[in-house]
Amino acid sequence: MSEVTKVAVVYYSSTGTVYELAQSIVEGAEKAGAEVRLRKVAELAPDEAIASNAGWAAHAAQTQDVPVATAEDILWADAVIFGSPTRFGNVASQLKQFLDTLGGLWAQGLLADKVYSGFTATSTAHGGQESTLLALYNTIHHFGGIVVAPGYTDPVKFVDGNPYGTSHVAGQGDLPVDDAARNAGQFQGRRVVRIASAVKNGLTQLAG
């Protein structure tokens, strides 16, 4: 009997959109039979900056009990799905800082041969969703990881239109996460589990 596939969903969200996408991905992965850890990365912004934005402050309070990601979460996982809002076409500094702390694990080869995927959100249409995910995946290539993007492998992807990962246009917080994004997130979670399970079982057989 094969072991349960373990998935870490590691995200940064300031006002909650990426957090909501993360929840859909967690739901899809759990329905596919995975054991899932939901983790936020540490906040770098000063308290006064957070307090100056009502949505940011409210979301920080809402998610204060979500555990902060550690390197151990990445070691534990067979698959890691990273989420970040777009910052000028790139990942947020909070997620980048967490990735930068993984250098020791990378040097030992401990980040290789895992499955990785990503999701994002922007304020505007064509606001850098694809470039953010592609930038994230550059890091995964350095890890020696296996990128599993959703592609156009399910009808839901022709609705949300992003083959690189789940994404949503949030406006200025006035465009809530919709069914298209939620369905895409659930599908991405399921797909990552399916491929990660195959990779894990295949590597186990090779090692045996």
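Placed above this text is the structure.
Now for a look at the structure at hand. Small disclaimer: the values here were computed from a predicted structure and weren't measured.

1. Describing the overall build of the chain
Reasoning step 1: Looking only at helices and strands, the chain features 9 helices and 7 strands.
Reasoning step 2: For the chain, the C-alpha radius of gyration of 16 Å lies close to 17 Å, the compact-globule estimate for 208 residues.
Reasoning step 3: By principal-axis analysis of the C-alpha atoms, the chain measures approximately 55 × 40 × 30 Å.
Reasoning step 4: Burial status across the chain gives 49% buried among its 208 residues.

2. A word on the packing of aromatic side chains
Reasoning step 1: Overall, the coordinates contain 4 aromatic pairs when judged by the stated rule.
Reasoning step 2: Taken together, a centroid distance of 6.3 Å and an interplanar angle of 10° make the contact between Phe82 and Tyr116 stacked. Here Phe82 is found in strand β3 (residues 79-87), whereas its partner Tyr116 is found in strand β5 (residues 115-122), with 34 residues between them in sequence.
Reasoning step 3: Residue classification places Phe82 among the buried positions, given a relative accessible area of 0%.
Reasoning step 4: Pairwise contacts between aromatic rings join Phe82, Tyr116 and Phe143 into one cluster.
Reasoning step 5: A cation over a ring is seen here: Arg37 above Trp76, with NZ or CZ 4.0 Å from the ring centre.

3. Some thoughts on the pairing of β5
Reasoning step 1: Most of β5 sits inside the fold, with 8 of its 8 residues counted as buried.
Reasoning step 2: In the sheet, β3 pairs with β5 via 7 bridges, with the strands oriented parallel. Paired with Ile81 across the two strands is Ser117, which belongs to β5.
Reasoning step 3: Two strands pair when backbone bridges link them, and β5 and strand β6 (residues 146-147) are joined in this way by 2 bridges, in the parallel orientation.

Basis of the calculations
- Residues numbered from 1 in each chain as written.
- Predicted model: local features only at pLDDT ≥ 70, side-chain atom pairs only at ≥ 80, totals over all residues.
- Heavy atoms only, no water.
- Helix = DSSP H or I, 4+ residues; strand = E, 2+ residues; numbered from the N terminus.
- Rg over C-alpha atoms; globule rule 2.2 N^0.38 Å.
- Buried < 20%, exposed > 50% of the residue type's maximum accessible area, 1.4 Å probe, protein only.
- Phe/Tyr/Trp six-rings, centres within 6.5 Å; stacked < 30°, edge-to-face > 60°.
- Lys NZ or Arg CZ within 6 Å of the ring centre and 35° of its normal.
- Pairing = 2+ DSSP bridges.

In short, geometric facts, not functional conclusions.
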